[in-house]
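# Structural overview for review
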Amino acid sequence: MRFDRLLSSEAPPATLLIRVMVGAVFLSEGIQKFLYPGELGVGRFTKIGLPAPEVLAPFVGVVEIIGGTLLLLGLLTRLAAVPLIINMLVAIASTKVPILMSRGFWSMAHESRTDFSMLLGSIFLLLVGAGPWSVDARLSAEAERRK
């Protein structure tokens with residue numbers, strides 16, 4: 001994929017709403033992994049049985065902070081969405097599938113509403129880009145002027 005294609009977007013201005021929602025939640029969740037490590041960071045990763053939780057939890061926190069910030073700015077939006085999609089797929093597989101298996105569909109559906117919203121929002125941004133009110137749009141316009 002060419003760099004100018006990575007920045008370009010035909011998405012409507014309302015895409016800003018999705019970017020802000022998804023970016024703010026990821027940023028907040030990433031920060032909370034450091035503020036509350038026992039409940040949301042290393043302790044939670046240990047409880048659900050993820051490997052090397054003392055490394056993985058801070059790594060995921062940093063990915064969420066950086067990715068969320070990039071989405072809020074609309075900077076490298078498509079690129080930032082990729083690790084966030086992977087993050088949500090792992091979160092769903094490691095925390096929501098066990099709920100499905102032990103407590104059934106409706107418990108899983110209730111517990112996973114934010115996870116699926118974040119996954120679909122991230123996929124949306126990967127597909128359509130940041131929209132016109134973004135750093136990506138400004139960089140793309142600047143690149144077009146230089147041609």
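Now for a quick tour of the structure. (Residues numbered from 1 in each chain as written. Predicted model: local features only at pLDDT ≥ 70, side-chain atom pairs only at ≥ 80, totals over all residues. Heavy atoms only, no water.)

### Details of the packing of aromatic side chains
The condition that has to hold: Side-chain rings of Phe, Tyr and Trp (the six-membered ring for Trp) are treated as a pair once their centres are within 6.5 Å; stacked means planes under 30 degrees apart, edge-to-face means over 60, and tilted covers the remaining angles. Classification of residues uses two cut-offs on accessible area relative to the type maximum, computed with a 1.4 Å probe and protein chains only: under 20% is buried, over 50% is exposed, and between them is partly exposed.
In the structure shown here, the tally under the stated rule is one aromatic pair. Taking 4.8 Å as the distance between ring centres and 80° as the angle between the ring planes, the aromatic pair formed by phenylalanine 105 and tryptophan 106 counts as edge-to-face. Classification of tryptophan 106 by relative accessible area gives exposed; the value is 70%.

### Focus on the pattern of salt bridges
Which entries qualify depends on this criterion: Here, a salt bridge means any Lys or Arg side-chain nitrogen found within 4 Å of an Asp or Glu carboxyl oxygen. Helix and strand assignments follow DSSP, with helices taken as H or I runs no shorter than four residues and strands as E runs no shorter than two, numbered in order from the N terminus.
Overall, the coordinates contain five salt bridges when judged by the stated rule. Put simply, lysine 33 and glutamate 64 hold a salt bridge, and the shortest N to O gap is 2.9 Å. Of this pair, lysine 33 sits in helix α2 (residues 15–35) while glutamate 64 is found in helix α5 (residues 53–73), placing the two residues 31 residues apart along the sequence. The pair lysine 33 / glutamate 64 is uniform in exposure class, with both members buried. Note that glutamate 111 is salt-bridged to arginine 103, the shortest N-O span being 3.8 Å. On the basis of relative accessible area, glutamate 111 is assigned to the partly exposed category, the value being 37%. Several salt bridges converge on common partners, so that one network encompasses Glu142, Arg145 and Arg146.

### Section: unusual backbone geometry
Even without a glycine there, the phi angle at alanine 52 is positive, about 45°. In this structure, alanine 52 sits in the loop between α4 (42–47) and α5. With phi around 50°, leucine 76 is a residue other than glycine that occupies positive phi space. One can find leucine 76 in the loop between α5 and α6 (77–103). Accessibility expressed as a relative area gives 24% for leucine 76, which makes it partly exposed.

### A word on α5
The cut-off we apply is this: In this analysis, the expected span of each helix is defined as 1.5 Å times one less than the number of residues it contains. Between two residues, a contact is recorded if the distance between any of their heavy atoms is within 4.5 Å.
Between its terminal C-alpha atoms α5 stretches 30 Å, which fits the 30 Å expected from 21 residues at 1.5 Å a residue. Contacts from the buried residues of α5 go to α2, α4, α6 and α8 (113–128). Glycine 74 sits one or two positions beyond α5 and adopts a positive phi of about 70°.

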